[in-house]
Amino acid sequence: MNAQASEREAPVGVFVGLATLDVIHRVSAAPAPNEKITSSAQFVAAGGPAANAAVTFAALGGTAVLVTALGDDPVAELVKADLAAFGVRVLDAALGTSRSVPVSAVTVIESTGDRSVVSADAVHSEVPPPEDLETVVAGADVVLVDGHHPLIARAAAEHAAARVTTLVVDAGRWKPVMSELIPHATDMVCSADFRTPGTSDTATTAAALVGAGVDTVVTTHGSEPVEWWTEGSSGSVDVEPVTAVDTVGAGDAFHGAYAYYSTQSGSLAEHIDRSARVAALRCSMVGPRAWLHELPLTHFTTDGLESDNGEH
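In this report, the structure presented in the accompanying data block is examined.

Cut-offs applied
- Residues numbered from 1 in each chain as written.
- Predicted model: local features only at pLDDT ≥ 70, side-chain atom pairs only at ≥ 80, totals over all residues.
- Heavy atoms only, no water.
- Buried < 20%, exposed > 50% of the residue type's maximum accessible area, 1.4 Å probe, protein only.
- Helix = DSSP H or I, 4+ residues; strand = E, 2+ residues; numbered from the N terminus.
- Pairing = 2+ DSSP bridges.
- Right-handed = clockwise from strand over helix to strand, strands pointing away.
- Phe/Tyr/Trp six-rings, centres within 6.5 Å; stacked < 30°, edge-to-face > 60°.
- Lys NZ or Arg CZ within 6 Å of the ring centre and 35° of its normal.
- Axes fitted to C-alpha atoms, helices over the stretch in contact; angles between N-to-C directions.
- Salt bridge = Lys/Arg side-chain N within 4 Å of Asp/Glu carboxyl O.
- Left-handed = near helix turned anticlockwise from the far one by under 90°.
- Contact = heavy atoms within 4.5 Å.
- Nonpolar A, V, L, I, M, F, W, Y, C, P; charged D, E, K, R; others polar.

It is worth spelling out the pairing of strand β10 (residues 187-190) at this point. Moving residue by residue along a regular strand, the side chains alternate between the two faces of the sheet. Of the two faces of β10, both are covered, the one formed by D187 and V189 as well as the one formed by M188 and C190. The sheet contact formed by strand β9 (residues 166-171) and β10 spans four bridges and is parallel. Paired with A171 across the two strands is C190, which belongs to β10. As paired strands, β10 and strand β11 (residues 216-221) are joined by four bridges and run parallel to one another. If you follow V189 over to β11, its bridge partner there is V218. Between the parallel pair β10 and β11, the chain is carried across by helix α6 (residues 202-211), and the sense of this crossover is right-handed.

All right, on to unusual backbone geometry then. Not every positive phi belongs to a glycine, and N34 is a case in point at roughly 65°. Here N34 lies in the loop between β2 (20-27) and β3 (41-47). Here N34 falls in the exposed class, since its relative accessible area comes to 86%.

Within this structure, the stated rule accounts for five aromatic pairs. Taking 5.3 Å as the distance between ring centres and 85° as the angle between the ring planes, the aromatic pair formed by Y260 and Y261 counts as edge-to-face. Side by side, Y260 and Y261 carry an identical accessibility label, which is buried. Aromatic rings pair up to connect F15, F57, Y260 and Y261 into one cluster. The side chain of R289 reaches across the aromatic face of F86, ending 5.2 Å from its centre.

Strand order in the open sheet formed by four strands is β3-β2-β6-β7, with mixed pairing between adjacent strands. Sheet topology places β3 and β7 (115-118) at the edges, where each strand pairs with a single neighbour. The average undirected angle you get between the axes of adjacent strands in this sheet is 20°. Summarising the sheet, β2 and strand β6 (residues 103-109) pair through seven bridges and their orientation is parallel. Pairing of V23 across the sheet is with A105, part of β6.

Another point: the pattern of salt bridges. On inspection of all chains with the given rule, the structure shows six salt bridges. The partner of E180 in a salt bridge is R154, and the shortest N-O contact between them spans 2.9 Å. With E180 in helix α5 (residues 178-181) and R154 in helix α4 (residues 150-162), this residue pair connects regions lying 26 residues apart in the sequence. Since its relative accessible area comes to 28%, R154 is described here as partly exposed. For the salt bridge of R282 with D246, the shortest nitrogen-to-oxygen distance reads 3.6 Å. Of this pair, R282 sits in helix α8 (residues 268-283) while D246 sits in the loop between β13 (233-237) and α7 (250-261), and the two are 36 residues apart along the sequence. Neither residue differs from the other here; R282 and D246 are each classed as buried. Through salt bridges with shared partners, a single network forms among E240, D273 and R277.

Turning next to the packing of α7 against α8. Remark: α7 packs on α8, axes separated minimally by 8 Å, with the N-to-C direction vectors making an angle of 145°. For α7 against α8, the interelement crossing comes out right-handed. Contact residues: α7 offers A250, A253, F254, A257, Y258 and Y261, while α8 offers L268, H271, I272, R274, S275, A276, V278, A279, R282 and C283. Split by residue class, the contact of α7 with α8 holds twelve nonpolar, two polar and two charged.

As structure tokens, this is what we get:
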């Protein structure tokens, strides 16, 4: 499949991985041991790498499907309701079962926007893929997996590879399933901390991934330039400076935007630049959802941000 979606049509993105309930507090300073403090603001929203990327993809104008495992639980209903409100359709592989939904406790420091997260993730989840996963992937222009719910991630990667569909792997940190995802990946979008076994830095990790057959490796460094590698070439893209007030989900926003722009025309450097601008916008606004309302009003180009009256 892997043909670029028409600029006039909504591209379809399938996002496979973790969905959580995030409880976020903004504070002036992190609490000391045994100290109780009062937050200046609090937010409750769906979170998780794949879920946040799907929300971003939908906000940019795409059709987003999240494949995850939530089950029948009041917390799961909160997660699904928030995602539905922001245009994400949820395919729940655990529907009809009772399981603990991960809840993330997130603290954001007001002066810097830096965040700390305590969460139960799903890398050890043994939930099998839903029966209609192959059909869902068949309708996708791009598939993103974050490595959580490994059985589902592996199946989605195999289905994407069989159809020659762009497969973006969100590589925040090494997980055992990565060794099974890498052979199918077309794009690895890595954090600066991501390492493949036996490598020591971002350059040797990228070389190992390209050597393993990954077409494109992209590594983010926060506010520093984004590096990229393909077979035989490499480069970097500067990140526009921004006053960060809230960095929760900034990397996920980059991933969702990268998935979206991978379906559009333009060079790799242009796709990275636009994705970095989306992440910067996320960092410039307080709260997990308020920034999304700015995306339909903004056209991201390599020359800057220009109003497009809500059209993409």
